[in-house]
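Secondary and tertiary structure notes
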Number of protein chains: 2
Amino acid sequence: MTLKVSDIGEKELVRYIISHSSDITPDDTAITSFKDTNLISTCDMLIQSRHFPENMTYFDMGFKAVTVNVSDLAAMGAQPLGFLLSIAIPKDFNLDSFKEIIDGVLKACEYYSIPLIGGDTNEASEIIMSGTALGFCDKPIRKDTYNMGDLIAVTGDIGLAALGFELKSFDNVYVKSALKPKARIEEGLILRDFATSATDITDGLASELYEIKKDNFGFMIYEEMLNISEEYKALAEKQNLDYLDLILHVGEDFELLFTISKDNIEKLPIDFKVIGEVTDSDVVELTLENGFVERVKNKGYEHYVSE
Amino acid sequence: MTLKVSDIGEKELVRYIISHSSDITPDDTAITSFKDTNLISTCDMLIQSRHFPENMTYFDMGFKAVTVNVSDLAAMGAQPLGFLLSIAIPKDFNLDSFKEIIDGVLKACEYYSIPLIGGDTNEASEIIMSGTALGFCDKPIRKDTYNMGDLIAVTGDIGLAALGFELKSFDNVYVKSALKPKARIEEGLILRDFATSATDITDGLASELYEIKKDNFGFMIYEEMLNISEEYKALAEKQNLDYLDLILHVGEDFELLFTISKDNIEKLPIDFKVIGEVTDSDVVELTLENGFVERVKNKGYEHYVSE
């Protein structure tokens, strides 16, 4: 039988590549020792039909192409150095729409203080943007360097974008989170001095927790600490969606998920929310509001996987 | 009237982006001053239906995704630091073919001594590979820093790939140049100490000459010095193609085009071919084998332009 890539899924493909290159850092970005510091580099491709909701503006598409890449720098606590953009568009694409995309890219670069330093243009049947963010960091925050008993925290509310993708209207915080996400670059720079580990939430909280999990370590998340509003629960129900499913398994908020020692948590000078702790359970668990404890499924957004 | 991108062409789109970002170096790569040296970065996207001939193997596609990016490092005389690959493939893509592509990427990274340090995988309707090459260089070779009277030279034969794309058979040097091009990274490192300017030939000799042309400077190329073989001319004629058109206006050889002072040319320790000189004519000209001089057209491969 001939295997298709959908038979093994995206994570296995990435594992195949990593297992064949000893130079790949298994973290949010590449880390290259250079001069007396580390060069931090990361690339992420966005494809119109896969990554952009229909109601997204061209400006927001351009902005997001920068955000997804800068978010990886943020997760390492890296100082931005430069952004490169490879963009492909159809031959008959409207020139003003192209300028809107570029405007979004430039505004995002300004917002994150990362200069647009280069790129490439191409022709394709739909909009494709592949960004590369470069930065540097003396001591990058790794994603799996937490200790037993550390607290687990996030930089903001999670699950907003997940709900936003399901809602049609334009004027609420959920849709705004889905269409205009922002990377936490400032918070990442501060976390360097406080966090024991960090990653950004792109594929959903559950998926990221499994991504950073080490043998013999486990995570306990408390639903109560997630501070889910009644409005959120009601809106999810109206869409026939399980609100915990949205929060745990969708992502796209670009918030930072980090761990921190109990001693350091009081000193941390950014907005954050503690949502759980590192345990020795060797599993990822959730304590529901009703007191019951359930195992969290390793499920998140993954390309290639047949649904 | 609503303008389409095809109404203005790729070069105008690039000019639009450059004019809106003061941080873009108008050269083969970005140059970012960092620590006591320069970080050199470049990205190039390859799309199956646009960039890969039908008879190209998956291995060669992967190899070429590295070559096109490393070639830009070579043109700057940069020392390679790392390569990042964003790859998108269809959901039902054959797993072994995916592995062949990755094998090509890894072999190319080994060949150019540039470690594969990171990447991203995605789903798309065809194969898309966006590479980013990182390097460094104390004194990058710029593309327009030549002087009046400098000699114009290339690192090898040009036009081989152009002819190769037109030929069906597998067992000749032309098809090999088209399907298995190699970047001149070693030559670029040596040229740092000898050349007055350099760029790589991707869109054709004519296009690159116009790309590097400064006001009041011109170029005279001598057909005789191109050393075009009788075999080349005969094969082109058999395909009903003008051999000078292939050599001047197609490209894809990834040879380096460089300028060098007459004093330095004897000392240059690489294989090269002098093909002309920098003049004060303010135009790009070709002296034909029969002695006639003609103006070279500014025509090369460009995306978006209606044909």
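For clarity, every value in this text was computed on a predicted model and none was experimentally measured.

Thoughts on the overall build of chain A
For chain A, the helix and strand inventory stands at 11 helices and 12 strands. In terms of overall size, chain A behaves like a compact globule, its C-alpha atoms giving a radius of gyration of 19 Å where 307 residues would be expected to give roughly 19 Å. Out of the 307 residues in chain A, the part that is buried amounts to 52%. For chain A, contacts bridging at least 24 residues in sequence account for 84% of all contacts bridging at least 6.

Focus: the interface of chain A and chain B
Contacts between the two partners involve 61 residues from chain A, matched on the other side by 60 residues from chain B. Of all elements in the fold, only helix H1 (5–8), helix H2 (10–19), strand S1 (30–34), strand S2 (37–47), strand S3 (79–89), helix H5 (95–111), strand S4 (116–123) and strand S5 (128–137) of chain A reach the threshold of two or more residues within the side of chain A that touches chain B. Considering each element in turn, the side of chain A that touches chain B owes the most residues, 8 residues, to S4 of chain A. When the residues that make up the side of chain A that touches chain B are grouped by side-chain class, the tally is 30 nonpolar, 19 polar and 12 charged.

Digging into the packing of helix H4 (residues 58–76) of chain B against helix H5 (residues 95–111) of chain B
The relative placement of two packed helices is expressed as an angle between their axes plus a distance between the axes. All names here are of chain B. Where H4 meets H5, the closest approach of the two axes is 7 Å, and the angle between their N-to-C directions is 40°. Taken together, the axis directions place H4 and H5 in an arrangement best described as oblique. Seen along the crossing, H4 lies across H5 with a hand that is right-handed. Between H4 and H5, the residues in contact are Tyr58, Phe59, Asp60, Met61, Gly62, Phe63, Ala65, Val66 and Thr67 and Ser97, Glu100, Ile101, Ile102, Asp103, Gly104, Val105, Lys107, Ala108 and Cys109, respectively. Classifying every residue of the contact of H4 with H5 by side-chain character gives 11 nonpolar, 4 polar and 4 charged.

Examining the sheet that holds S2 of chain A
Either a parallel or an antiparallel arrangement is found when strands of a sheet pair, and the pairing is made through backbone hydrogen bonds. Residue and element names in this part refer to chain A. The strand order across the open sheet built from 5 strands is S1-S2-S5-S3-S4, with neighbouring strands paired in mixed fashion. Each edge of the open sheet is held by one strand with a lone partner, namely S1 and S4. Going from strand to strand, the sheet's axes swing by 15° on average, the running direction of each strand aside. Sheet topology note: the S2/S5 ladder contains 10 bridges and is antiparallel. When the bridges of S5 are listed, Leu46 appears paired with Met129.

What about the sheet that holds strand S11 (residues 284–287) of chain B?
Residue and element names in this part refer to chain B. Strand order in this open sheet of 7 strands is S7-S9-S6-S10-S8-S11-S12, and the pairing throughout is mixed. Two strands close off the open sheet at either side, each with one partner strand: strand S7 (195–200) and strand S12 (293–295). Averaged over all neighbouring strand pairs, the angle between strand axes comes to 25°, with direction disregarded. Relative to strand S10 (residues 273–279), strand S6 (residues 151–154) is paired through 4 bridges, and the arrangement is antiparallel. Across the sheet, residue Ile152 finds its bridge partner in S10, namely Gly276. Contacts from H4 reach S7 and strand S9 (256–260), with the element oriented near 170° to S7.

Some thoughts on helix H4 (residues 58–76) of chain A
Residue and element names in this part refer to chain A. With 19 residues, H4 should cover 27 Å at 1.5 Å per step; its first-to-last C-alpha distance of 29 Å lies within 8% of that length. In terms of burial, H4 is largely enclosed, as 18 of its 19 residues are buried. Trailing H4 by a residue or two, Gly77 shows a phi angle of about 75°, which is positive.

Regarding the domain arrangement of chain A
Residue and element names in this part refer to chain A. Structurally, chain A comprises domain 1 (28–137) and domain 2 (151–295). Each of domain 1 and domain 2 has a C-alpha centre, and the two are 24 Å apart. On the side of domain 2, 19 residues touch domain 1, which itself brings 18 residues to the contact. Among the secondary structure elements, those contributing two or more residues to the side of domain 1 that touches domain 2 are H4 and S3. With 11 residues, H4 is the single largest residue contributor to the side of domain 1 that touches domain 2. Split into classes, the residues belonging to the side of domain 1 that touches domain 2 amount to 10 nonpolar, 4 polar and 4 charged.

Digging into the pairing of strand S7 (residues 195–200) of chain A
Successive side chains on a regular strand alternate, one facing one side of the sheet and the next facing the other. Residues and elements named next belong to chain A. Counting buried positions over the 6 residues of S7 gives 5, a clear majority of the element. Relative to strand S9 (residues 256–260), S7 is paired through 5 bridges, and the arrangement is antiparallel. Of the residues in S9, the one forming a bridge with Ser197 is Thr259.

Considering the relation of the copies chain A and chain B
What connects the two chain copies is a rotation about an axis and a shift along it. The two copies are related by a screw operation: chain A maps onto chain B through 180° of rotation and 0.0 Å of translation along the axis, at an RMSD of 0.0 Å. These values place the two chain copies in the arrangement generated by a two-fold rotation axis. By C-alpha distance to the rotation axis, the residue of chain A lying nearest is Ser130 of chain A, at 3.3 Å.

Looking at the environment of Lys233 of chain A
Residues and elements named next belong to chain A. Its place among the elements puts Lys233 in helix H10 (residues 230–238). As a C-alpha pair, Lys233 and Leu244 span 11 residues in sequence and 8.8 Å in three-dimensional space. If sequence neighbours within four positions are ignored, Lys233 has contacts with Ile228 and Tyr243.

Brief notes about unusual backbone geometry
We note that Asn227 of chain A has phi near 55°; this positive angle belongs to a residue other than glycine. For Asn227 of chain A, the location among the structural elements is in the loop between strand S8 (218–222) and H10. C-beta crowding within 10 Å serves as the criterion here: with 10 such atoms nearby, Asn227 of chain A is assigned to the exposed category. Phi at Asn240 of chain B is positive, roughly 60°, even though this residue is not glycine. Tracing the sequence through the fold places Asn240 of chain B in the loop between helix H10 (230–238) and helix H11 (243–249).

A closer look at the nonpolar core
Formed by 198 residues in total, the largest nonpolar core has its most connected members in Val105 of chain A together with Val105 of chain B. Val105 of chain A has contacts with Gly62, Ala65, Val66, Leu85 and Leu116 of chain A, leaving out every residue within four places of it along the chain.

Overview of the environment of Thr279 of chain A
Residue and element names in this part refer to chain A. Inspection of the secondary structure puts Thr279 in strand S10 (residues 273–279). When the C-alpha positions of Thr279 and Met148 are compared, they lie 5.8 Å apart, and in sequence the two are 131 residues distant. With residues near it in sequence (within four places) discarded, Thr279 still touches Gly218, Phe219 and Met220.

Topic: the pairing of S11 of chain B
All names here are of chain B. Of the two faces of S11, the one lined by Val284 and Leu286 is fully buried and the one lined by Glu285 and Thr287 carries no buried residue. As judged from the 4 bridges shared by strand S8 (residues 218–222) and S11, these two strands associate in the parallel manner. Each bridged residue has a counterpart across the sheet, and for Met220 the counterpart in S11 is Glu285. Of the pairings in the sheet, the one linking S11 to S12 comprises 3 bridges and is antiparallel in character. By the bridge assignment, Glu285 is partnered in S12 with Arg295. Linkage of S11 to S12, two consecutive antiparallel strands, is achieved through a turn of 5 residues, within which Gly291 is found at a positive phi near 95°.

Some points on the confidence of the model for chain A
When pLDDT is averaged along chain A, the result is 94; 97% of the residues meet or exceed 70. Both confidence scores are given for the complex: pTM 0.95, ipTM 0.95.

Rules used throughout
Residues numbered from 1 in each chain as written. Chains lettered and ligands numbered in written order. Predicted model: local features only at pLDDT ≥ 70, side-chain atom pairs only at ≥ 80, totals over all residues. Helix = DSSP H or I, 4+ residues; strand = E, 2+ residues; numbered from the N terminus. Rg over C-alpha atoms; globule rule 2.2 N^0.38 Å. Buried ≥ 20, exposed ≤ 12 C-beta atoms within 10 Å, placed from the backbone. Contact = placed C-beta atoms within 7 Å. Nonpolar A, V, L, I, M, F, W, Y, C, P; charged D, E, K, R; others polar. Axes fitted to C-alpha atoms, helices over the stretch in contact; angles between N-to-C directions. Parallel < 35°, antiparallel > 145°, perpendicular 65-115°, else oblique. Left-handed = near helix turned anticlockwise from the far one by under 90°. Pairing = 2+ DSSP bridges. Expected span 1.5 Å × (residues − 1). Domains from an automatic or database assignment. Least-squares fit on C-alpha atoms with pLDDT ≥ 70 in both. Core = buried A, V, L, I, M, F, W, Y, C linked by C-beta atoms within 7 Å. pLDDT = per-residue confidence, 0-100.

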